[in-house]
Structure formats: structure tokens, C-alpha cells
Amino acid sequence: LCVMFVCLLTGQLAVQNLISADSLDASFYTAEDSSYGKVILHDIGSYTVVNQEGVLTSRYEYQKRWKILSNAKVPLEETITFDPGISAEELVELKVTTYTPSGEGMYVIEEVPITAFEKEITSIAYILKHLIKDPVPGMLVDYEYVIVSPDLHFPRPWKFQHFVPCKLSEYTTSVPRKFS
């Protein structure tokens, strides 16, 4: 209960960043999961209205973990879209970590620099795309990022369904009582 209370106070996602035994065990996944070649272990987001120096802003925190199941030679692509123009959204944090298997129970952990992202600017959005061309079976890829926006009226949408199997999709909101 105390951990939950502290997480709510700080506005941080209450997700452990550890690799669970289930995520490493291949028998945990169904044949249907394997046919896609990859699975989303968790896709977790939160929307919080925060007071920053007397100005109310929207803060969106995202965390997604992919698991590569087979040698399907299908690249893994993750896209982050935000609007720095009209909506004045800003990507304030971005962390990408890959866990590549290297022997029995061992993983090579690598932080992916932002320069590995392809940038595309359109009239309505700023798009960052990350592509892993040759994912290795057993590889885990974590995406964690935060977007801040001054727009309080139209929160960003959340998608609970994906084109590949997703083991957990969760979205939480925290809005001050005076907005209810």
C-alpha cells in the first residue's frame, strides 16, 4: 500500500523494470503468439494533470516491452508520434533498452541512442520510428517515454488492441478533483 501511495504522489508508473521468469520462458506463449513472431508483454500508459510552476499541463507516460519469439525475419518497428506545433506537445524523456540473449540465461543489455530513430516531420506531427532489422529470438525491447502537453481538453487516445498479441494493456488517469 505504501509503494502504491508513493507512486501516486510522484506521478510515476508503478511498473517493475525487471525481466520476469515468465517473459523468458518460451512455454509461457501460445502457438498463436508464436505465429506472429513477436508479442507485446506489456503496454502501459498514464495520463496525469500536473501543476508545473503554476501552470497545469498534461503528462503522458508510456512503457512498452516487446518479446521476439521466432526468427521470422520481420523487423520490429515502434513509432512515437507527438505534435510540437499546434498542440505544443513535447517529448521530454525517451529511453530504449534492448536485452539480447547471449548464452544460457545471459543477456547483453544495450541502451539505444535517439540517433537510431528515423525522424519524420509532417504538417500535423513529429514522428520518431525505431526499427530493429534483424531481431533475435528471445530478445526483449523496452520503450519508455514521456510526452508533456499544455492541452487539458483533449487527452491523447489509447489503443488497447494491437496487430500482434498483447499480454497486458493498461491505461490510468489522474485528474485533480476540481476537473471532475
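Residues numbered from 1 in each chain as written. Predicted model: local features only at pLDDT ≥ 70, side-chain atom pairs only at ≥ 80, totals over all residues. Heavy atoms only, no water.

Caption draft 1: Representation of the environment of Trp66 within the structure. Along the chain, the position of Trp66 falls in strand β2 (residues 55–68). Overall, the relative accessible area of 6% leaves Trp66 in the buried class. Residues Trp66 and His42, 24 residues apart in the sequence, show an inter-C-alpha distance of 7.5 Å. Excluding residues that lie within four positions of it along the chain, Trp66 makes contacts with Lys38, Val39, Ile40, Leu76, Glu77, Glu78, Met139, Leu140, Val141, Tyr143 and Val164. One polar contact links Trp66 to Glu78, side chain to side chain, over a distance of 2.9 Å. (Helix = DSSP H or I, 4+ residues; strand = E, 2+ residues; numbered from the N terminus. Buried < 20%, exposed > 50% of the residue type's maximum accessible area, 1.4 Å probe, protein only. Contact = heavy atoms within 4.5 Å. Polar contact = N/O pair within 3.5 Å; in protein donor to acceptor, adjacent residues only side chain to side chain.)

Caption draft 2: Region of the structure containing the environment of Lys64. Assignment of secondary structure puts Lys64 in strand β2. Taking the C-alpha atoms as reference, Lys64 lies 5.8 Å from Asp142; in sequence the two are 78 residues apart. Dropping the residues within four chain positions of it, Lys64 is found in contact with Ile40, His42, Asp43, Glu78, Val141, Asp142, Tyr143 and His162. A polar contact of 3.4 Å, which involves the side chain of Lys64, links it to the side chain of Glu78.

Caption draft 3: Structural detail: the sheet that holds strand β3 (residues 76–82). Taken together, 3 strands build an open sheet; the order of strands is β3-β7-β6 and the sheet is antiparallel. Two strands in the sheet have a free side with no partner beyond their single neighbour: β3 and β6 (118–121). Between one strand axis and the next, the sheet turns by 20 degrees as a mean value, whatever way the strands run. Pairing analysis gives 7 bridges linking β3 to strand β7 (residues 126–132), with the strands arranged antiparallel. In the sheet register, Ile80 faces β7, and the bridge partner there is Leu128. (Pairing = 2+ DSSP bridges. Axes fitted to C-alpha atoms, helices over the stretch in contact; angles between N-to-C directions.)

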